[in-house]
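One-letter residues, chain by chain:
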Amino acid sequence: RETPGISMESRMLTTAMLTAINDLRRKKKSIFFIATNRLRAFDSAITRPGRFDMQLFVGTPNLNSRVIQFEKKLAKVTDNKTRDKAIESYRDFLESVWSKDAMFMNYLEGEQFASTSADILKSNGELTRKEMLAILQQQALVMTVRGPVREEFIASMDLTRL
């Protein structure tokens, strides 16, 4: 209903969902989980207060989770000095581009970024900011959360209700 261009199929789905949710809720034997990073894309009739006991935004992995993804990819790098320097560079790079692009990578995109970065480190013996920036720019072109979806994602971060 917030979206003026909502299709007839979406309205029918909303009506059918509301009926099914109400029937199951009356039986008190159901727990609903709706997973999305675009909560505002749902019809407000579905997400209105009182419809669900709890509404929780689950975003993309945080900075520490991203660094852990990279650390796991470096498990076979035996030189601790090289490994530690790469991890520090990786963290510093992600912090510097966090709100522009890095925070919007989903789990698998983060895995791909970490894997490609680790492969470069293993091949070259070092990982530079320039190389990480090139990887990120390439990934940003096909990222799931890009363009107008980013605004929805950011707005959805504040929609948690406990």
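Attention here is on the structure that accompanies the text. In this text, all values refer to a predicted model and were calculated from it rather than measured experimentally.

About the cut-offs
- Residues numbered from 1 in each chain as written.
- Predicted model: local features only at pLDDT ≥ 70, side-chain atom pairs only at ≥ 80, totals over all residues.
- Heavy atoms only, no water.
- Helix = DSSP H or I, 4+ residues; strand = E, 2+ residues; numbered from the N terminus.
- Buried < 20%, exposed > 50% of the residue type's maximum accessible area, 1.4 Å probe, protein only.
- Contact = heavy atoms within 4.5 Å.
- Areas by Shrake-Rupley, 256 points an atom, 1.4 Å probe, with all protein chains shown as cover.
- Salt bridge = Lys/Arg side-chain N within 4 Å of Asp/Glu carboxyl O.
- Axes fitted to C-alpha atoms, helices over the stretch in contact; angles between N-to-C directions.
- Parallel < 35°, antiparallel > 145°, perpendicular 65-115°, else oblique.
- Left-handed = near helix turned anticlockwise from the far one by under 90°.
- Nonpolar A, V, L, I, M, F, W, Y, C, P; charged D, E, K, R; others polar.
- Phe/Tyr/Trp six-rings, centres within 6.5 Å; stacked < 30°, edge-to-face > 60°.
- Lys, Arg positive; Asp, Glu negative; His and termini not counted.
- Core = buried A, V, L, I, M, F, W, Y, C linked by side-chain atoms within 4.5 Å.

### As for the overall build of the protein chain
Check the secondary structure of the protein chain and you find 7 helices and 0 strands. When the helices and strands of the protein chain are listed from N to C terminus, the series reads α-α-α-α-α-α-α. Going through the 162 residues of the protein chain one by one, you find that 33% of them count as buried. Looking at the protein chain alone, contacts between residues at least 24 apart form 72% of all its contacts between residues at least 6 apart. In the structure as shown, the protein chain presents an accessible area of about 10600 Å², 55% of it carried by carbon and sulfur atoms.

### So, the pattern of salt bridges
If the charged atoms of two oppositely charged side chains come close together, the side chains can form a pair. Taken as a whole and judged by the stated rule, the model has 4 salt bridges. Between E111 and K73 there is a salt bridge whose closest N-O contact spans 2.8 Å. Here E111, found in helix 5 (residues 107-124), pairs with K73, found in helix 3 (residues 63-73); they are 38 residues apart in sequence, far enough to count as distant. For E111, a relative accessible area of 18% gives the class buried. Classification of K73 by relative accessible area gives partly exposed; the value is 26%. A salt bridge links D101 to R150; the nearest nitrogen and oxygen atoms lie 2.9 Å apart. Taken together, the residues D101 in the loop between helix 4 (80-97) and helix 5 and R150 in helix 7 (residues 148-156) connect sequence positions 49 residues apart. Taken together, the shared-partner salt bridges connect K100, D101 and R150 into one network.

### With respect to the packing of helix 4 against helix 6 (residues 129-140)
Two elements in contact, helix 4 and helix 6, have axes separated by 10 Å at closest approach and are oriented at 50 degrees. Compared by their axis directions, helix 4 and helix 6 come out oblique. The interaxial crossing formed by helix 4 with helix 6 has right-handed handedness. Taken together, the residues of helix 6 that come into contact with helix 4 (itself represented by S89, Y90, F93, S96 and V97) are R129, M132, L133 and L136. A breakdown of the residues in the contact of helix 4 with helix 6 according to their chemical character gives 6 nonpolar, 2 polar and 1 charged.

### Digging into the packing of aromatic side chains
For any pair of aromatic rings, the description rests on two quantities: the centre-to-centre distance and the angle between the ring planes. If you walk through the whole model with that rule in mind, you get 4 aromatic pairs. Centre to centre, the rings of F70 and Y90 are 4.0 Å apart; their planes meet at 5 degrees, and the pair counts as stacked. With F70 in helix 3 and Y90 in helix 4, the pair connects residues that are 20 residues apart, well separated along the chain. According to the relative accessible area criterion, F70 is buried, its value standing at 0%. Overall, Y90 belongs to the buried group, its relative accessible area being 1%. By way of ring pairs, the aromatic residues F70, Y90, F93 and F113 are connected into one cluster.

### What to know about the side chain of E109
Tracing the sequence through the fold places E109 in helix 5. Although buried, E109 forms no salt bridge, and the nearest oppositely charged side chain, R146, lies 6.5 Å from it. Residues within four places of E109 in sequence aside, it is in contact with F104, Q139, V142, M143 and T144.

### Points about the nonpolar core
The biggest cluster of nonpolar side chains holds 29 residues, and the ones touching the most others in it are F70, L74, Y90, L94 and F113. Listing elements by their share of this core, those giving two or more residues are helix 3, helix 4, helix 5, helix 6 and helix 7. Sort the elements by how many residues they give to this core and helix 4 lands first, with 6 residues. Every residue in contact with L74, bar those within four places of it in the chain, is listed here: R83, A86, I87, A118 and L121. L18, I21, A45 and F52 belong to the second-largest nonpolar core, a separate cluster that totals 5 residues.

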